[in-house]
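# Observations on the three-dimensional arrangement
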Amino acid sequence: MKNAEPGDGAGPVVSGQDLVVRRGGQLVLDDLTFSIAAGKVTGLLGPSGCGKTTLMRVLVGVQMVTAGTVTVLGLPAGHPRLRARVGYATQAPAVYPDLTLGENLRYFGMVLGLRGRQLREAMAAVVAQLDLGGLDRRLVGTFSGGQLARVGLAVALLNRPDLLILDEPTVGLDPVLRRDLWALFHGLAADGASLLVSSHVMDEAARCDTLLFMREGRFLAEASPVEILKRTGASDLESAFLALASPERRAVRQ
Ligand SMILES: Nc1ncnc2c1ncn2[C@@H]1O[C@H](COP(=O)(O)OP(=O)(O)OP(=O)(O)O)[C@@H](O)[C@H]1O
């Protein structure tokens, strides 16, 4: 059993206070105060360009923050001790096309400090989880889009992170693969991991335990799908989002 770490326990795994981010002179995250619950799949849903990736970059510590504070697993976002505890899969998988799957996994595993048997077991586990068996010796540059997306996820999962941040992990995947990946996400949460999964496809919202609805750098709602439907009186989450984003609703929220 691993030693207790900051952020273990019942509190939120992420909390943000008055977070403001400007990029290229543009206000991208507009004074966000929020939290992300432990042991759940939280969906970050909103249209293209609303700031989802920017928020994820803040959580992993690669985005300059203009104002506010963000705590991840009890430490300031980007703290070196979080490197091995937070897994991040970017939208375009950040892996080496000129290395094989096995070489990529070995390289990233070693960067995370895994060695010997521990590394071999971690590699075998993610290959099984992401259904990448038999591809070990193939160059990643020859993989299909769906296979490549799974390599990015496999790397993010290598160290069994406590917090997984997945930027549009199912975009462009076929329905069977999407269903399998959502089952994997919930399985990981059942094992104690916390997940933040972004999407701009509203039909994925219903698969999340809890939702952050985002638009133009602000949150429209932070609640479970059921609560959001109840609050808006909408029959589906897409209509709920549109209702929350309408000017009249925005006036009510302010
Ligand atoms: N490197 C950058 N410099 C300046 N502005 C940027 C940069 N990257 C993104 N932006 C701007 O920040 C805003 C938010 O972008 P972000 O990538 O966070 O959105 P997103 O919700 O993740 O979009 P998508 O769903 O298309 O990935 C957009 O207006 C975008 O143009």
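For the structure, check the block above.
Residues numbered from 1 in each chain as written. Predicted model: local features only at pLDDT ≥ 70, side-chain atom pairs only at ≥ 80, totals over all residues. Heavy atoms only, no water.

### Remarks on the pairing of strand β9 (residues 210-215)
- Buried residues dominate β9, accounting for 5 of its 6 residues.
- The pairing of strand β3 (residues 41-45) with β9 spans 4 bridges and is parallel. The residue of β9 that forms the bridge with T42 is T210.
- Sheet topology places β9 next to strand β10 (residues 218-223); 5 bridges connect them, and they run antiparallel. Bridged to L212 within β10 is E222.
- Here β9 folds back onto β10 in antiparallel fashion, the turn holding 2 residues, of which E216 has a positive phi close to 50°. (Buried < 20%, exposed > 50% of the residue type's maximum accessible area, 1.4 Å probe, protein only. Helix = DSSP H or I, 4+ residues; strand = E, 2+ residues; numbered from the N terminus. Pairing = 2+ DSSP bridges.)

### Overview of the site of the ligand
- What surrounds the ligand is a group of 15 residues, the closest being S48, G49, K52, T53 and T54.
- The separation between an oxygen atom of the ligand and a polar main-chain atom of G51 is 3.0 Å.
- Expressed as a share of its isolated accessible area of 640 Å², the protein-covered part of the ligand is 64%.
- Elements that contribute at least two residues to the shell around the ligand include exactly β2 (26-36) and α1 (52-60).
- Classifying every residue of the shell around the ligand by side-chain character gives 3 nonpolar, 9 polar and 3 charged. (Near = heavy atom within 4 Å. Polar contact = N/O pair within 3.5 Å; in protein donor to acceptor, adjacent residues only side chain to side chain. Areas by Shrake-Rupley, 256 points an atom, 1.4 Å probe, with all protein chains shown as cover. Nonpolar A, V, L, I, M, F, W, Y, C, P; charged D, E, K, R; others polar.)

### A look at the packing of aromatic side chains
- Under the criterion given, the structure shown has 6 aromatic pairs.
- Measuring from ring centre to ring centre gives 5.3 Å for W182 and F185, while their planes differ by 75°; the resulting arrangement is edge-to-face. Of this pair, W182 and F185 both sit in helix α5 (residues 175-190), 3 residues apart, roughly one helical turn.
- For F185, a relative accessible area of 1% translates into the label buried.
- Measuring from ring centre to ring centre gives 5.1 Å for F213 and F241, while their planes differ by 75°; the resulting arrangement is edge-to-face. Of this pair, F213 sits in strand β9 while F241 sits in helix α7 (residues 237-245); the two residues are 28 residues apart in sequence, bridging distant segments of the chain. Taken individually, F213 and F241 each receive the classification buried, so the pair is uniform in this respect.
- An aromatic cluster is present here, built from Y96, Y107 and F108 joined pairwise through their rings. (Phe/Tyr/Trp six-rings, centres within 6.5 Å; stacked < 30°, edge-to-face > 60°.)

### Overview of the nonpolar core
- Judged by nonpolar contacts, the single largest core of 54 residues is most densely connected at L101, L105, L195, F213 and I228.
- Mapping this core onto the domain boundaries places at least three of its residues in each of domain 1 (12-85 + 163-247) and domain 2 (95-160).
- For F213, the residues in contact, after removing those within four places along its chain, are L45, M202, A205, R218, F219, L220, A221, I228, L237, F241 and L244.
- Core analysis: the second largest hydrophobic core is formed by 27 residues, V13, L19, V21 and C50 among them. (Core = buried A, V, L, I, M, F, W, Y, C linked by side-chain atoms within 4.5 Å. Domains from an automatic or database assignment. Contact = heavy atoms within 4.5 Å.)

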